Each structure stands twice: as C-alpha cells, then as structure tokens.
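Working through the structure, step by step
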Amino acid sequence: MNQGVAPFELTDELYLFEVFEESVIPLFRSDFTFTAEHFFSAKQALAGNLNANAGWQHAPGSNLVGWVKRYRNSPIVYLQFGDGPVTYRNPSFRKILQNAICWACSPEVLRWARESGETGKA
C-alpha cells in the first residue's frame, strides 16, 4: 500500500478515537500528538461552540492513520488523511489511494479476505 510513497506532510482534519490495533494491519502512523488538548469537542461544536473543549475529556488516541483488515469476505482499507481539497491534491495521498484501490481489488487480497471467515480479524 505504501509502495512508491515517501514520508509526506498533510494539514487536514484528524480524529481522536480508539483504534483496536490488535485487529488491524498497520500501514501509516502520524507524528501528530493524539491527545485531548489538540482536539475539540464534537458535542460542543454541534451546540454552536466551535473549537471548544469545555467539559470535554478524552483518553489519548492512536497515531495509526492508515490500516487494513478483513471483515467477512471483504478487504477493508482505512485512511485518515482528511477529506478536503488539500488532501485530494496531494500527490502522496493520490498514490496511496490508487494503491489501496488496486490492493483491495486484487485476486490475492480477495482470496485472503475470503479465507478469514466470519472472524473479521486481520
């Protein structure tokens, strides 16, 4: 998945959430610090208080921003590189996305996913 991709920088939206690393195959890690002081409360934003943390606490999250796994008969690729024009224009992101699509559609990977059965484990 990361063939032909050198380390790169992106500035886009990240998410602070739990990643069950034992159930995925890691591909990409960020050097960003995934702790509450670097993120804002979604609940506060929905209440009209954008970029606020009042009353919000969150455990540190994983810096894993790209991984693969299989679920039932399907190969899954997760990329947390953002969802805006800056990301979409980035040549490294485009190469990773191309690699991910080719990987997920390859006969070897489809066979790998089928062999997993119902477990969903990587």
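My aim in this report is to walk through the structure given alongside it, one point at a time. For clarity, every value in this text was computed on a predicted model and none was experimentally measured. (Residues numbered from 1 in each chain as written. Predicted model: local features only at pLDDT ≥ 70, side-chain atom pairs only at ≥ 80, totals over all residues. Heavy atoms only, no water.)

**Here's the deal with the side chain of Gln 80**
Positionally, Gln 80 belongs in the loop between strand S3 (74-79) and helix H2 (85-89). Here the side chain of Gln 80 touches Tyr 15 through a polar contact of 2.6 Å, landing on its backbone nitrogen. (Helix = DSSP H or I, 4+ residues; strand = E, 2+ residues; numbered from the N terminus. Polar contact = N/O pair within 3.5 Å; in protein donor to acceptor, adjacent residues only side chain to side chain.)

**Let's talk about the packing of aromatic side chains**
The description of an aromatic ring pair uses the distance of the two centres, along with the angle that the planes make with each other. With the rule as written, the count across this model stands at ten aromatic pairs. For the ring pair Phe 8 and Phe 81, a centre distance of 5.7 Å and an interplane angle of 80 degrees mean the geometry is edge-to-face. A residue pair is termed long-range when its members are at least 10 positions apart, and Phe 8 in the segment before strand S1 (25-29) and Phe 81 in the loop between S3 and H2 qualify at 73 residues. A relative accessible area of 8% places Phe 81 in the buried class. Of the aromatic side chains, those joined through ring pairs into one cluster are Phe 8, Phe 28, Phe 81, Tyr 88 and Phe 93. (Phe/Tyr/Trp six-rings, centres within 6.5 Å; stacked < 30°, edge-to-face > 60°. Buried < 20%, exposed > 50% of the residue type's maximum accessible area, 1.4 Å probe, protein only.)

**Quick look at the state of the cysteines**
Two cysteines, two sulfur atoms, one covalent bond between them: this is a disulfide. For the structure shown, the criterion picks out zero disulfides. Not part of a disulfide, Cys 102 finds its nearest cysteine sulfur in Cys 105, a span of 7.2 Å. (Disulfide = S-S within 2.5 Å.)

**Focus on the sheet that holds S1**
On the basis of which strands lie adjacent, the open sheet formed by three strands has the order S1-S2-S3 and antiparallel pairing. Each edge of the open sheet carries a strand with a single partner, namely S1 and S3. Pairwise comparison of adjacent strand axes, ignoring direction, gives a mean angle of 15 degrees for this sheet. Summarising the sheet, S1 and strand S2 (residues 64-71) pair through four bridges and their orientation is antiparallel. In the sheet register, Pro 26 faces S2, and the bridge partner there is Trp 67. (Pairing = 2+ DSSP bridges. Axes fitted to C-alpha atoms, helices over the stretch in contact; angles between N-to-C directions.)

**A short note on unusual backbone geometry**
A positive phi angle is found at Asn 51, which is not glycine, with a value near 60 degrees. Of note, Asn 51 is situated in the loop between helix H1 (42-46) and S2. One non-glycine residue with positive phi stands out, namely Arg 72, at about 55 degrees. By the secondary structure assignment, Arg 72 is in the loop between S2 and S3. Accessibility expressed as a relative area gives 43% for Arg 72, which makes it partly exposed.

**What to know about the nonpolar core**
Counting residues in hydrophobic clusters, the biggest one holds nine residues: Val 5, Leu 16, Phe 28, Phe 34, Phe 39, Val 65, Phe 81, Phe 93 and Ile 96. Setting aside its immediate chain neighbours within four residues, Val 65 contacts Leu 14, Phe 28, Arg 29, Ser 30, Phe 34, Tyr 78, Leu 79, Gln 80 and Phe 81. (Core = buried A, V, L, I, M, F, W, Y, C linked by side-chain atoms within 4.5 Å. Contact = heavy atoms within 4.5 Å.)

**What to know about the packing of helix H3 (residues 91-105) against helix H4 (residues 107-115)**
In contact at an axis separation of 5 Å, H3 and H4 are set at 60 degrees when each is read in the N-to-C sense. Judged on the interaxial angle alone, H4 and H3 are oblique. Together, Trp 103, Ala 104 and Cys 105 of H3 and Pro 107, Val 109, Leu 110 and Trp 112 of H4 make up the contact between the two elements. For the contact of H3 with H4, the residue count by class is seven nonpolar, no polar and no charged. (Parallel < 35°, antiparallel > 145°, perpendicular 65-115°, else oblique. Nonpolar A, V, L, I, M, F, W, Y, C, P; charged D, E, K, R; others polar.)

**Re the pattern of salt bridges**
Summed over all chains, the structure comprises one salt bridge. Between Arg 29 and Glu 21 there is a salt bridge, and its shortest N-O distance comes to 2.6 Å. Classification of Glu 21 by relative accessible area gives partly exposed; the value is 28%. (Salt bridge = Lys/Arg side-chain N within 4 Å of Asp/Glu carboxyl O.)

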